[in-house]
Amino acid sequence: LKGDRVGLVAFAGSSFLQCPLTIDYAAFAMTLDDLYAGIIPRGGTAIEQALQTAIRSFEKDTGADRAIILITDGEDHEGDPLRLENELKRFQIRVYAIGVGTLEGELVPQAEAEAAGGGFLKDRAGQVVKSRLVEDKLQQLALATGGAYVRSAPGDFGLERVFQESIAHL
């Protein structure tokens, strides 16, 4: 990264700044290692709120390039991340989205049930939750902000591609 600052926003049904922007990569790595599924007590997905948290973490009046790497399945239960297009453009923040999952959808393993030998996440009605990749909004957001969209695949998460093909050139 050669002096680039990095930060980390954790999100599910809400979000928080896990690691403020820093060039202390060891500190960043520690906060990344401390991240786990379930760290956010509120379930669901709130991409719009996560992006707002990330936008607030940037200093406003610098000449530095700004980028958000958004890793998600694209499902959003709380808002519409496309409402932030103008704000992202105004602050010259590019969104690089990595879509995780399948278009058909997969059952979501439940952490507690996995430890006991299996089981899947259920909603309040007792129905098994199936999460699917929703690419259209991720693609639109990335394109509108001058970023890029990459679909994660087995053996190629996409992070290296985003960095090599896009972020390294900022």
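Residues numbered from 1 in each chain as written. Predicted model: local features only at pLDDT ≥ 70, side-chain atom pairs only at ≥ 80, totals over all residues. Heavy atoms only, no water.

*Asks:* Could you clarify how one ought to interpret helix α2 (residues 47-57) in this entry?
*Replies:* Within an α-helix, residues lying three or four positions from one another point in the same direction, as the helix has 3.6 residues per turn. Every buried residue of α2 is listed here: I47, E48, A50, L51, T53, A54 and I55. On its buried face, α2 sits against β1 (6-11), β2 (15-22), β3 (66-72), α3 (85-90), β4 (93-99) and α5 (135-144). (Buried < 20%, exposed > 50% of the residue type's maximum accessible area, 1.4 Å probe, protein only. Helix = DSSP H or I, 4+ residues; strand = E, 2+ residues; numbered from the N terminus. Contact = heavy atoms within 4.5 Å.)

*Asks:* Quick question: what am I supposed to make of the environment of L17 here?
*Replies:* By secondary structure assignment, the location of L17 is in strand β2. Separated by 140 residues in the primary sequence, L17 and F157 place their C-alpha atoms 23 Å from one another. Other than its neighbours up to four places away in sequence, L17 contacts L8, V9, T53 and S57.

*Asks:* I tried to follow the nonpolar core on my own but got confused; where do I start?
*Replies:* Within soluble globular proteins, side chains that are nonpolar generally end up buried alongside one another. Counting residues in hydrophobic clusters, the biggest one holds 19 residues, and the most contacted among them are L51, I68, L88, I93, L141 and Y149. Ranked by residues supplied to this core, first place goes to α2 with four residues. Apart from the residues lying within four places of it in its own chain, the contact partners of L141 are L51, P81, L82, E85, L88 and V95. Formed by five residues, the second largest nonpolar core is a distinct cluster that contains Y96, I98, V162 and I167. (Core = buried A, V, L, I, M, F, W, Y, C linked by side-chain atoms within 4.5 Å.)

*Asks:* Would you mind showing me how to read the environment of I167 here?
*Replies:* On the secondary structure map, I167 appears in the segment after α6 (159-165). A relative accessible area of 16% places I167 in the buried class. With 102 residues separating them in the primary sequence, I167 and D65 have C-alpha atoms 9.4 Å apart. When sequence neighbours within four positions are dropped, the list of residues in contact with I167 reads I69, Y96 and V162.

*Asks:* Help me out: how do you make sense of α5 in this one?
*Replies:* E135, L138, L141 and A142 are the residues of α5 that are buried. Down the axis of α5, the buried side of the element spans an arc of 135°, and every buried residue falls inside it. Facing away from the buried side of α5 by over 90 degrees, the exposed positions are D136 and L143. Tucked inside the fold, the buried residues of α5 contact α2, β3, α3, β4 and β7 (148-151). G146, located one to two residues past α5, shows a positive phi value of around 80°. (Arc of directions from axis to C-beta.)

*Asks:* So what exactly am I meant to see when it comes to a nonpolar patch on the surface here?
*Replies:* Residues I69, I71, F157 and L159 make up a contiguous nonpolar surface patch of roughly 320 Å² in combined accessible area. Given a relative accessible area of 37%, I71 falls into the partly exposed group. (Patch = residues over 30% accessible without salt bridge, like charges linked within 9 Å, V, L, I, M, F, W, Y side chains within 5 Å. Areas by Shrake-Rupley, 256 points an atom, 1.4 Å probe, with all protein chains shown as cover. Salt bridge = Lys/Arg side-chain N within 4 Å of Asp/Glu carboxyl O.)

*Asks:* What should I look at first to understand the sheet that holds β4 in this one?
*Replies:* Adjacent strands of a sheet pair through backbone hydrogen bonds, lying either parallel or antiparallel. Read across the open sheet, the three strands follow the order β3-β4-β7; overall the sheet is parallel. In the strand order of this sheet, the two ends are held by β3 and β7, each with one partner. Averaged over all neighbouring strand pairs, the angle between strand axes comes to 15°, with direction disregarded. Against the sheet, α5 contacts β3, β4 and β7, and its axis sits at roughly 150° relative to β7. (Pairing = 2+ DSSP bridges. Axes fitted to C-alpha atoms, helices over the stretch in contact; angles between N-to-C directions.)

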